[in-house]
Each structure stands twice: as C-alpha cells, then as structure tokens.
Amino acid sequence: GDGTIFPVEIGLNPLKGASAGLVLASVIDISARKLAENELALREQRFSAAFEQAAVGMAQVGLDGRWLRVNPRLCAITGYDEQELLRSNFQAITHPDDLQADLDLLQDVMEGRRHDYTLEKRYRHKQGHDVWVALTVALVRGENGEPLYESAVIEDIGARKALEARVQEQQRELEHRVQERTAELQAANAALEHLA
C-alpha cells in the first residue's frame, strides 16, 4: 500500500495432515479495536482525574453499602483514610437517626420508583462529631438493566447548617425579647389605666 503502519493481530495454527512445519497464518487489522481501546483509556483517565480532584466527596458504593471507591475529599469530610472506608460501609458511619431515611430512599431507587435521590444527613466523623452532608445517590445499571453499584456525591454542608442554627437561635431570642417587651407594655398600660 501507501506505507501506512497499522496494528495487526497474527494467528498461527498448525495444519492437520500437512507436512511438518506448515501452519495457517491469519493477519487481522485491529486498528478499529485499538482506537476504541485508546478512547476508552482516555475517558477512564479523564474520569479518574475528575473523581480524584473533585471539590466534593465522591464514591462508588456496592449494592450492600460497601465503599468500592472513594476520593480524597470524602476522606477529608469523614476523617477516615481511603483504606478505612474501603473496609467499611456507609451504614457504619451514618448517624443512626438518619440511616432509615437513607435506606428507604435507596430501596426506592433499587426498585425503580425513582432514578436518584438527594438527602441531607449526618455522618459520624472518625473523631466522633457529626458532619452534615448533602448526599446525592444514583444507581448505575449494566447493559441489561441489572443494578451494578451506586454512584454518590457528598457535599459538606456543615457551615450552612451552623449558620441556619445561628439564625434560628437569633429568631428565638428576638421572639423572646418581643414577648418580654409586649408583657412590659401591657403591664405599663394596665398601670396607667389603673391610675386614670
């Protein structure tokens, strides 16, 4: 041809009944397969880079709740290193009061009643304190629709929750002061009416 180099797969099979040393040789152009393999490798490389460097926690979770793959941000959020998480499951670090809601939503996804879910919940940090997160979970299915694993995105919302708690406390304090002032004004009005 034109001098183009391309990958090939060569097969050599001895010919039965032929003189010794005769083989059937096949040469197959595997350019398309190599191109597809290279494209797949490039996509995996891009996904891995995004997964590892994400500003939010990311995980792949087995159908039984075991952590299959976790990124550094999830480790930072929970306080556990990668190997500690991979030996555990999400149930073990979920706050007991939040676990059932998570399991119920997950069951809805597994049974096809919903595609994904988002839930605000608490994880128990390795040091023992609670960490508020916004969890988004979607089920990854195989070619035949069979469930393979869960894909989870975990955002640390602790700062927002702390701010919400401060705002609620300030509202309660303001309402209490308004009630006190209202009682003082009513008492003053009653005293004035008595004098009049």
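See the structure above.
**Examining the nonpolar core**
(1) Moving on: Counting 23 residues, the largest nonpolar core has W67, Y117 and I154 as its most contacted members.
(2) Moving on: Elements with a contribution of two residues or more to this core: β3 (57-61), β4 (67-70), α2 (72-78), α4 (90-93), α5 (96-110), β5 (116-124), β6 (130-141) and β7 (147-156).
(3) Moving on: Sort the elements by how many residues they give to this core and β6 lands first, with 5 residues.
(4) Moving on: W67 has contacts with A59, Q60, V61, L74, L85, L86, S88, N89, F90, I93 and Y123, leaving out every residue within four places of it along the chain.

**Some details on α5**
(1) Moving on: In this model α5 runs 21 Å from its N-terminal to its C-terminal C-alpha over 15 residues, within 8% of the 21 Å that 1.5 Å per residue would give.
(2) Moving on: Residues of α5 that are buried include every one of D98, D102, L105, L106 and V109, and no others. End-on, the buried residues of α5 take up no more than an arc of 105 degrees, which puts them together on one face. Counted as exposed and oriented over 90 degrees from the buried face of α5: P96 and D97.
(3) Moving on: Check the buried side of α5 and you find it contacts α4, β5, β6 and β7.

**A closer look at the environment of L192**
(1) Moving on: Positionally, L192 belongs in helix α6 (residues 158-195).
(2) Moving on: When the C-alpha positions of L192 and V109 are compared, they lie 67 Å apart, and in sequence the two are 83 residues distant.

**Focus: the sheet that holds β6**
(1) Moving on: Spatially, the 5 strands line up as an open sheet ordered β4-β3-β7-β6-β5, and their pairing is antiparallel. Each end of this open sheet is capped by a strand with a single partner; those strands are β4 and β5. The mean inter-strand angle of the sheet, taken between neighbouring strand axes irrespective of direction, is 30 degrees.
(2) Moving on: Inspection of the sheet shows β6 paired to β7 by 9 bridges, in the antiparallel sense. Opposite R141, over in β7, you have P147 as the bridge partner.
(3) Moving on: Set on the sheet, α5 makes contact with β5, β6 and β7; between it and β5 the angle comes to about 155 degrees.

**Considering the environment of Q171**
(1) Moving on: Residue placement: Q171 occurs in helix α6.
(2) Moving on: Of the residues examined, Q171 reaches a relative accessible area of 45% and is grouped as partly exposed.
(3) Moving on: Distance from Q171 to N189, taken between C-alpha atoms, is 27 Å for residues 18 residues apart in sequence.

What counts, and at which threshold
Residues numbered from 1 in each chain as written. Predicted model: local features only at pLDDT ≥ 70, side-chain atom pairs only at ≥ 80, totals over all residues. Heavy atoms only, no water. Core = buried A, V, L, I, M, F, W, Y, C linked by side-chain atoms within 4.5 Å. Buried < 20%, exposed > 50% of the residue type's maximum accessible area, 1.4 Å probe, protein only. Helix = DSSP H or I, 4+ residues; strand = E, 2+ residues; numbered from the N terminus. Contact = heavy atoms within 4.5 Å. Expected span 1.5 Å × (residues − 1). Arc of directions from axis to C-beta. Pairing = 2+ DSSP bridges. Axes fitted to C-alpha atoms, helices over the stretch in contact; angles between N-to-C directions.

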